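Per-entry structural report
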Amino acid sequence: MKGLYQAHPYHLVNPSYWPLLGALSGFLFTLGTAMYLHSYFLGKLMFFIGLGYLVFTMYIWWRDVIDEGLQGHHTSYVQTGLKYGMIIFIVTEIMFFLGFFWAFFHSALSPTVEIGCVWPPKGIVVFHPFEIPLINTMLLLLSGVAVTWSHHAIVEGYSEEAIMGLIITVLLASVFTVFQGYEYLEATFDISDGI
């Protein structure tokens, strides 16, 4: 019965509350993060409530998208749109990190008078680059290898290898997060210290 009265190849979704709940939970998460970083009392609570609702919304919304695909609503036009959406997302992530690196190199290559005309600024004890930063870089590269292995296993139809690759990727990401948290806790500076 699909497409009987449909004059176009696109799937029009039913009205949904997920975009509204996603926007509100994203706002609550962002506001809670800012308040928590500035040591406001309710910041931590807002952060975790926003994070919880955001994860819940992502899970349910992505479940609905997967169900639509399994029901055959994802025509080749819809799949092309999803691919372009992913490409746009990746480009925005590239621009986001480009902004971070631009700010870092701008500050490091021409330090201003406000930070003592030296880089790193006076009073900052940096981590040795061949310790935790090198370990985290290796973990990121290895997780890229593991997820690529999983992707190729999915393409070839080897579900057990695909699951193993994803498990290894998640484990490497967890270890990376633990090391990153340790590095933040041991740092002699804080995010609120400025440049």
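Read on for an overview of the structure. As the structure is a computational prediction, the values presented were derived from the model and not from experiment. (Residues numbered from 1 in each chain as written. Predicted model: local features only at pLDDT ≥ 70, side-chain atom pairs only at ≥ 80, totals over all residues. Heavy atoms only, no water.)

Scanning the chain from N- to C-terminus turns up five helices and zero strands. Its helices and strands in sequence order give the chain the pattern α-α-α-α-α, from N to C terminus. Compactness check: the chain gives a C-alpha radius of gyration of 22 Å against a globular reference of 16 Å for 195 residues, more than 25% above the reference. Out of the 195 residues in the chain, the part that is buried amounts to 17%. Contacts in the chain between residues at least 24 apart in sequence constitute 55% of all its contacts with a sequence separation of at least 6. In the form shown here, the chain has an accessible surface area of approximately 15,400 Å², with 73% of it arising from carbon and sulfur atoms. Between the averaged position of the 5 positive side-chain charges in the chain and that of its 13 negative side-chain charges there is a distance of 9 Å. (Helix = DSSP H or I, 4+ residues; strand = E, 2+ residues; numbered from the N terminus. Rg over C-alpha atoms; globule rule 2.2 N^0.38 Å. Buried < 20%, exposed > 50% of the residue type's maximum accessible area, 1.4 Å probe, protein only. Contact = heavy atoms within 4.5 Å. Areas by Shrake-Rupley, 256 points an atom, 1.4 Å probe, with all protein chains shown as cover. Lys, Arg positive; Asp, Glu negative; His and termini not counted. Charge placed at Lys NZ, Arg CZ, Asp CG, Glu CD.)

Summed over all chains, the structure comprises nine aromatic pairs. Aromatic side chains F96 and F100 sit 5.0 Å apart centroid to centroid with 90 degrees between the ring planes, which places their arrangement in the edge-to-face category. Taken as a pair, F96 and F100 lie in helix α3 (residues 76-109) at a separation of four residues, close to a single helical turn. Overall, the relative accessible area of 48% leaves F96 in the partly exposed class. (Phe/Tyr/Trp six-rings, centres within 6.5 Å; stacked < 30°, edge-to-face > 60°.)

Contact geometry for helix α4 (residues 132-156) and helix α5 (residues 159-186): axes closest at 8 Å, N-to-C directions at 160 degrees. Comparing their axes, α5 and α4 come out roughly antiparallel. Pair α4 / α5 crosses with left-handed handedness. Partitioning the contact of α4 with α5 into residue classes produces 20 nonpolar, six polar and two charged. (Axes fitted to C-alpha atoms, helices over the stretch in contact; angles between N-to-C directions. Parallel < 35°, antiparallel > 145°, perpendicular 65-115°, else oblique. Left-handed = near helix turned anticlockwise from the far one by under 90°. Nonpolar A, V, L, I, M, F, W, Y, C, P; charged D, E, K, R; others polar.)

Within the structure shown, the criterion is met by one salt bridge. Across the pair D64 and R63 runs a salt bridge, and its minimum N-O distance is 3.3 Å. (Salt bridge = Lys/Arg side-chain N within 4 Å of Asp/Glu carboxyl O.)

Another aspect to go through is a nonpolar patch on the surface. Together, Y84, M86, I87, F89, I90, V91, I94, M95 and L98 give the surface a local cluster of nonpolar side chains, amounting to about 910 Å² of exposed area. Summarising the element assignment, M95 is placed in helix α3. (Patch = residues over 30% accessible without salt bridge, like charges linked within 9 Å, V, L, I, M, F, W, Y side chains within 5 Å.)

Moving on, we get to α3. The periodicity of an α-helix, 3.6 residues per turn, causes residues three or four positions apart to be oriented the same way. Between its first and last C-alpha, α3 extends 48 Å over 34 residues, near the 50 Å set by a 1.5 Å rise per residue. When α3 is considered as a whole, its buried residues turn out to be V78, S107 and A108. (Expected span 1.5 Å × (residues − 1).)

With that settled, consider unusual backbone geometry. Here the bond from W119 into P120 is cis, since omega is -5 degrees, no more than 30 degrees from zero. Assignment of secondary structure puts P120 in the loop between α3 and α4. The residue C117 is not glycine, and still its phi comes out positive at about 60 degrees.

The terminal C-alpha atoms of helix α2 (residues 43-70), which comprises 28 residues, lie 40 Å apart, in line with the 40 Å expected from a rise of 1.5 Å per residue. Every buried residue of α2 is accounted for by G43, M46, F47, G50, T57, I60 and E68. Turning to α2, the residues buried within the fold contact α1 (18-37). Count one or two residues on from α2 and you reach G72, which has phi positive near 90 degrees.

Glancing now at the packing of α1 against α2. Direction vectors running N to C along α1 and α2 enclose 150 degrees, while the axes themselves pass 7 Å from each other. Judged on the interaxial angle alone, α2 and α1 are roughly antiparallel. The two elements α1 and α2 cross, and the hand of that crossing is left-handed. Of the residues assigned to the contact of α1 with α2, the class counts are 17 nonpolar, eight polar and two charged.

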